Amino acid sequence: MKNIFNYTYDKLVTFLLENGFKKFNANQIFDWIYKKRVYDFNKMSNLSKKLISFLNENFDNYFIELEDSVNDVDTNKYLFKLYDGNYIEAVLMKHNYGFSLCVSSQVGCNMSCTFCESGRLKKVRNLETYEMLEQLIIIEKTKNIRIDNLVVMGIGEPFDNYNNVMDFVRILTDNKAINLGQRRITISTCGIIPKIKEFAKENIQVNLAISLHASNDELRTKLMPINKAYPLKDLIKTIDEYISITNRRVTIEYIMLENINDSVENAKELANLFKGKLVYINLIPYNETENFLYKKSKKSQILKFYDILKKSNINVTIRREFGSNVDAACGQLRARKESGGLC
Ligand code: SAH
């Protein structure tokens, strides 16, 4: 059976036309599911009997199941069970400017970053578009809120699931559907160069974030094996191309790991890589996990690092720490669930 949340407006129109229905039927259906949030076709009172039975025959609208949640003052973490028994996570953060949701894009991850909990489970499969969308729909319903910002920074590598993630973005930003502003969405990638190039040509205003985490190739290859396939020089060149095509500022994410990538030398190298470019560097205090030996950099070292970048006229911020009390770093909740820790 098909899931209606896999369908962008254009795909639904095509499917309906192929089956003898009308384009405006897609508008009616979108209005019910995204505006009225009614999912039972039988309750869609302005649809013909014929269309309702067609929809019932073709779609099952299976929902992912909210299995568990862990709550902190400004962070809620959600564990979802998928139809095949796999688990994924989403994290909701309350900022002073609204709610920000971090969604997963895959079950597990193949990128093998040495500090990241998500990659301890190798990729099992890509998430379908509906499985990404329903993370948002269920959380909005459970909390009785609307999401203001969305980041694809949960479990998985979104550019290793490009087509489904882009359909997800199309539905999110469609004013007939979720109607979230393009600029309110950020996709984070470890640096899959061919997909960054493709993304540059999408002609959308969705933000791009790059997980850099190192200031030279030797260090980056140690931390992120993907650097062997797509080394720093090529990645930076691709970021330059992206900026010249889109004229959009790129976020560079840099996790601060004590005595690994947080030296003065590293800060200077990083400054040299990005001096004068349309980027902003986000320094992220590492969220320590029991499975890895990495430590979070000392506050004083993070500030020293920050100052060096600032003095090179680079836009830089230190990310406020969210969710360290609720194991909100990618994959931590799933990891505990699988080892029986949460039950
Ligand atoms: N695969 C994508 C998106 C998922 S990871 C990417 O690599 O960008 C989202 C971000 O969280 C990445 O920057 C990742 O490196 C970072 N991250 C992973 N584990 C972390 C931890 N324990 N503490 C802080 N950030 C972490």
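Residues numbered from 1 in each chain as written. Predicted model: local features only at pLDDT ≥ 70, side-chain atom pairs only at ≥ 80, totals over all residues. Heavy atoms only, no water.

Draft legend 1. Here's a closer look at the site of the ligand. If you check the shell around the ligand, you find 18 residues, and the closest are Glu 157, Ser 188, Ser 211, His 213 and Asn 287. In the model, a nitrogen atom of the ligand is placed 3.0 Å from a nitrogen or oxygen of the Gly 156 main chain. At 2.6 Å, a side-chain N or O of Ser 188 approaches an oxygen atom of the ligand. Across the complex, the protein chains shield 93% of the 540 Å² of accessible surface that the ligand would expose by itself. Those elements that place two or more of their residues in the shell around the ligand are β8 (185-189) and β10 (250-256). Looking at the shell around the ligand, its residues break down into 9 nonpolar, 7 polar and 2 charged. (Near = heavy atom within 4 Å. Polar contact = N/O pair within 3.5 Å; in protein donor to acceptor, adjacent residues only side chain to side chain. Areas by Shrake-Rupley, 256 points an atom, 1.4 Å probe, with all protein chains shown as cover. Helix = DSSP H or I, 4+ residues; strand = E, 2+ residues; numbered from the N terminus. Nonpolar A, V, L, I, M, F, W, Y, C, P; charged D, E, K, R; others polar.)

Draft legend 2. Layout of the sheet that holds strand β9 (residues 207-211). If you walk across this open sheet you meet the 10 strands as β1-β2-β3-β4-β7-β8-β9-β10-β11-β12, and the pairing is mixed. What marks the edges here is a single partner per strand, and that holds for β1 (65-71) and β12 (315-318). Neighbour-to-neighbour, the strand axes of the sheet open up by a mean angle of 20°, direction not taken into account. Sheet topology places strand β3 (residues 87-95) next to strand β4 (residues 98-102); 5 bridges connect them, and they run antiparallel. Across the sheet, residue Leu 92 finds its bridge partner in β4, namely Leu 101. Running over the sheet, helix α4 (residues 129-143) touches β1, β2 (75-81), β3, β4 and β7 (149-152) and is turned about 50° from β3. Across the sheet, helix α11 (residues 299-311) touches β10, β11 (279-285) and β12, and the angle it forms with β12 is around 165°. (Pairing = 2+ DSSP bridges. Axes fitted to C-alpha atoms, helices over the stretch in contact; angles between N-to-C directions. Contact = heavy atoms within 4.5 Å.)

Draft legend 3. A look at the pairing of β1. Note that β1 and β2 share 6 bridges and pair antiparallel. Residue Glu 65 lies in a different strand from β2, and its bridge partner there is Lys 81. The hairpin turn running from β1 into β2, its antiparallel successor, is 3 residues long.

Draft legend 4. Geometry of unusual backbone geometry. With a phi angle near 55°, Asn 247 is a residue other than glycine that sits in the positive phi range. Positionally, Asn 247 belongs in the loop between α9 (232-246) and β10. What makes Asn 247 exposed here is its relative accessible area of 61%. Unlike most non-glycine residues, Asn 313 shows phi in positive territory, near 65°. Following the sequence through the fold, Asn 313 ends up in the loop between α11 and β12. Since its relative accessible area comes to 71%, Asn 313 is described here as exposed. (Buried < 20%, exposed > 50% of the residue type's maximum accessible area, 1.4 Å probe, protein only.)

Draft legend 5. Quick look at the packing of helix α10 (residues 264-274) against α11. Closest axis-to-axis distance for the α10/α11 pair is 9 Å, and the angle between their directions is 30°. When the axes of α10 and α11 are compared, the pair comes out roughly parallel. Relative to α11, α10 is oriented so that their crossing is right-handed. Between α10, through Val 264, Asn 266, Ala 267, Lys 268, Leu 270 and Ala 271, and α11, the contact on the second element is made entirely by Gln 301, Lys 304, Phe 305, Ile 308 and Leu 309. (Parallel < 35°, antiparallel > 145°, perpendicular 65-115°, else oblique. Left-handed = near helix turned anticlockwise from the far one by under 90°.)

Draft legend 6. Just helix α5 (residues 162-173), in detail. The terminal C-alpha atoms of α5, which comprises 12 residues, lie 16 Å apart, in line with the 16 Å expected from a rise of 1.5 Å per residue. When you tally the buried positions in α5, you get 9 out of 12 residues, the bulk of the element. Where α5 is buried, its residues meet α1 (9-18), α2 (23-35), α4, β7, β8 and α6 (193-200). (Expected span 1.5 Å × (residues − 1).)

Draft legend 7. Quick peek at the side chain of Arg 248. As for its placement among the helices and strands, Arg 248 is situated in the loop between α9 and β10. One buried charged residue, Arg 248, forms no salt bridge at all, with the nearest opposite charge on Glu 202 at 13 Å. Of note is the side chain of Arg 248, whose polar atom sits 2.9 Å from the backbone oxygen of Gln 205. Aside from chain neighbours lying at most four places away, what touches Arg 248 is Arg 183, Ile 204, Gln 205, Val 206, Asn 207, Tyr 242, Ile 243 and Leu 278. (Lys, Arg positive; Asp, Glu negative; His and termini not counted. Salt bridge = Lys/Arg side-chain N within 4 Å of Asp/Glu carboxyl O.)

Draft legend 8. Region of the structure containing the pattern of salt bridges. For the coordinates displayed, the defined rule picks out 17 salt bridges. Taking the shortest distance from any N to any O, the salt bridge between Glu 140 and Arg 37 comes out at 2.7 Å. With Glu 140 in helix α4 and Arg 37 in the loop between α2 and α3 (49-58), this residue pair connects regions lying 103 residues apart in the sequence. Both residues of the pair, Glu 140 and Arg 37, count as buried. Residues Arg 125 and Asp 84 are paired through a salt bridge, measuring 2.7 Å at the closest nitrogen-oxygen approach. Of this pair, Arg 125 sits in strand β6 (residues 125-126) while Asp 84 sits in the loop between β2 and β3, and the two are 41 residues apart along the sequence. A relative accessible area of 34% places Asp 84 in the partly exposed class. When salt bridges with common partners are traced through the structure, they connect Lys 11, Asp 167, Arg 170 and Glu 202 into a single cluster.

Draft legend 9. Structural context of the packing of aromatic side chains. Summed over all chains, the structure comprises 17 aromatic pairs. With centroids separated by 5.7 Å and ring planes inclined at 65°, the aromatic side chains of Phe 5 and Tyr 39 adopt a geometry described as edge-to-face. In this pair, Phe 5 is assigned in the segment before α1 and Tyr 39 in the loop between α2 and α3, connecting sequence segments 34 residues apart. With respect to burial, Phe 5 and Tyr 39 carry one shared label: buried. Its end group placed over the ring of Phe 99, Lys 94 keeps NZ or CZ at 5.4 Å from the ring centre. Above the ring of Tyr 162, the side-chain terminus of Lys 195 is found at 5.1 Å from the ring centroid. (Phe/Tyr/Trp six-rings, centres within 6.5 Å; stacked < 30°, edge-to-face > 60°. Lys NZ or Arg CZ within 6 Å of the ring centre and 35° of its normal.)

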